[in-house]
Amino acid sequence: MPLSTQEIQTLIQAAMEIRQFAYVPYSNYPVGAALRTKAGRIFTGVNIENAAYPQTICAERTAIFKAVSEGERDFDAIAVVTENGGTPCGGCRQVLAEFGMDTLVLIADGNGRLLRQTSVAELLPEAFTPESLKKK
Ligand code: THU
């Protein structure tokens, strides 16, 4: 079922609100994410940086890992809020792909303005997925 305009707005709003908790002393680029399960639960996430830079985690993965670690694996959408409408990085696209190519990806700016509606399939064509590990 496609998300209603209201459901889309609620998800973007959740990503906007959580973004204040991003821990970004190095990049000063806060990201907020909100992931919606097919049952309508919302898991939020922020990017959390580290003095050992590669240990940083993106907002999208924080949200996905929070959800999966609480038993949720079926998602219908993720909203990502950044100042300038940035799209998920390659690593986050890959982690999203693990749980479904049809997940709707909502890209919004710092004012919560929806800039783009896309999907994991569109963002990561020819993805390596769990299917790829099956013997032929
Ligand atoms: N970042 C995210 O949280 N999500 C993305 O998809 C792109 C990048 C974070 C990582 C780092 O804390 C900051 O943005 C700058 O790269």
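Note that the structure is predicted; figures quoted are calculated from it, not measured. (Residues numbered from 1 in each chain as written. Predicted model: local features only at pLDDT ≥ 70, side-chain atom pairs only at ≥ 80, totals over all residues. Heavy atoms only, no water.)

Peer 1: Sorry if this is basic, but what is going on with the overall build of the protein chain here?
Peer 2: When helices and strands are tallied, the protein chain shows 4 helices and 5 strands. Start at the N end of the protein chain and walk to the C end: the helices and strands fall as α-β-β-α-β-α-β-β-α. Here the C-alpha atoms of the protein chain give a radius of gyration of 14 Å, agreeing with the 14 Å that 2.2 N^0.38 yields for 136 residues. In terms of overall dimensions, the protein chain has a C-alpha envelope of 45 × 40 × 25 Å along the principal axes. Residue burial in the protein chain is summarised as follows: out of 136 residues, 45% are buried. Of the roughly 7700 Å² that the protein chain leaves accessible, carbon and sulfur atoms contribute 52%. Charge separation in the protein chain, taken as the distance between the mean sites of 13 positive and 15 negative side-chain charges, equals 5 Å. (Helix = DSSP H or I, 4+ residues; strand = E, 2+ residues; numbered from the N terminus. Rg over C-alpha atoms; globule rule 2.2 N^0.38 Å. Buried < 20%, exposed > 50% of the residue type's maximum accessible area, 1.4 Å probe, protein only. Areas by Shrake-Rupley, 256 points an atom, 1.4 Å probe, with all protein chains shown as cover. Lys, Arg positive; Asp, Glu negative; His and termini not counted. Charge placed at Lys NZ, Arg CZ, Asp CG, Glu CD.)

Peer 1: What's the story with the pattern of salt bridges in this structure? I'm lost.
Peer 2: Oppositely charged side chains are able to pair whenever their charged atoms sit close together. A complete count under the given rule lists 7 salt bridges for this structure. Residues Arg36 and Glu7 are paired through a salt bridge, measuring 3.7 Å at the closest nitrogen-oxygen approach. Within this pair, whereas Arg36 is found in strand 1 (residues 32–37), its partner Glu7 is found in helix 1 (residues 5–18), the two being separated by 29 residues in sequence. For Glu7, a relative accessible area of 29% corresponds to the partly exposed category. Across the pair Arg19 and Glu83 runs a salt bridge whose closest N-O atoms are separated by 3.2 Å. Placement of the pair is Arg19 in the loop between helix 1 and strand 1 and Glu83 in the loop between strand 3 (75–81) and helix 3 (90–98), with a sequence separation of 64 residues. For Arg19, a relative accessible area of 13% gives the class buried. Residue Glu83 is classed as exposed on the basis of its relative accessible area of 53%. Ionic contacts of the salt-bridge type, sharing partners, join the residues Glu7, Arg36 and Asp76 into one network. (Salt bridge = Lys/Arg side-chain N within 4 Å of Asp/Glu carboxyl O.)

Peer 1: What's the story with the environment of Thr118 in this structure? I'm lost.
Peer 2: Looking at the element boundaries, Thr118 is found in strand 5 (residues 114–119). Taking the C-alpha atoms as reference points, Thr118 and Asp102, 16 residues apart in sequence, are found 9.4 Å from one another. A distance of 2.7 Å separates polar atoms of two side chains, one belonging to Thr118 and the other to Glu122. (Polar contact = N/O pair within 3.5 Å; in protein donor to acceptor, adjacent residues only side chain to side chain.)

Peer 1: Would you mind going over unusual backbone geometry with me for this structure?
Peer 2: Excluding glycine, a negative phi dihedral is what most residues carry, and trans is how most peptide bonds are arranged. The phi dihedral of Asn28 falls on the positive side, at around 55°, and the residue is not glycine. Structurally, the position occupied by Asn28 is in the loop between helix 1 and strand 1. Asn28 sits in the exposed class, given a relative accessible area of 63%. Here the phi dihedral of Glu126 falls at roughly 55°; this positive angle occurs in a residue that is not glycine. If you trace the backbone, Glu126 turns up in the segment after helix 4 (120–123).

Peer 1: Where do I start with helix 3 in this structure?
Peer 2: Residues lying three or four places apart along an α-helix face the same way, a consequence of the helix completing one turn every 3.6 residues. Three or more residues of helix 3 are buried, namely Cys92, Arg93, Val95, Leu96 and Ala97. Where the residues of helix 3 are buried, they touch helix 2 (59–68), strand 3 and helix 4. Gly100 sits one or two positions beyond helix 3 and adopts a positive phi of about 140°. (Contact = heavy atoms within 4.5 Å.)

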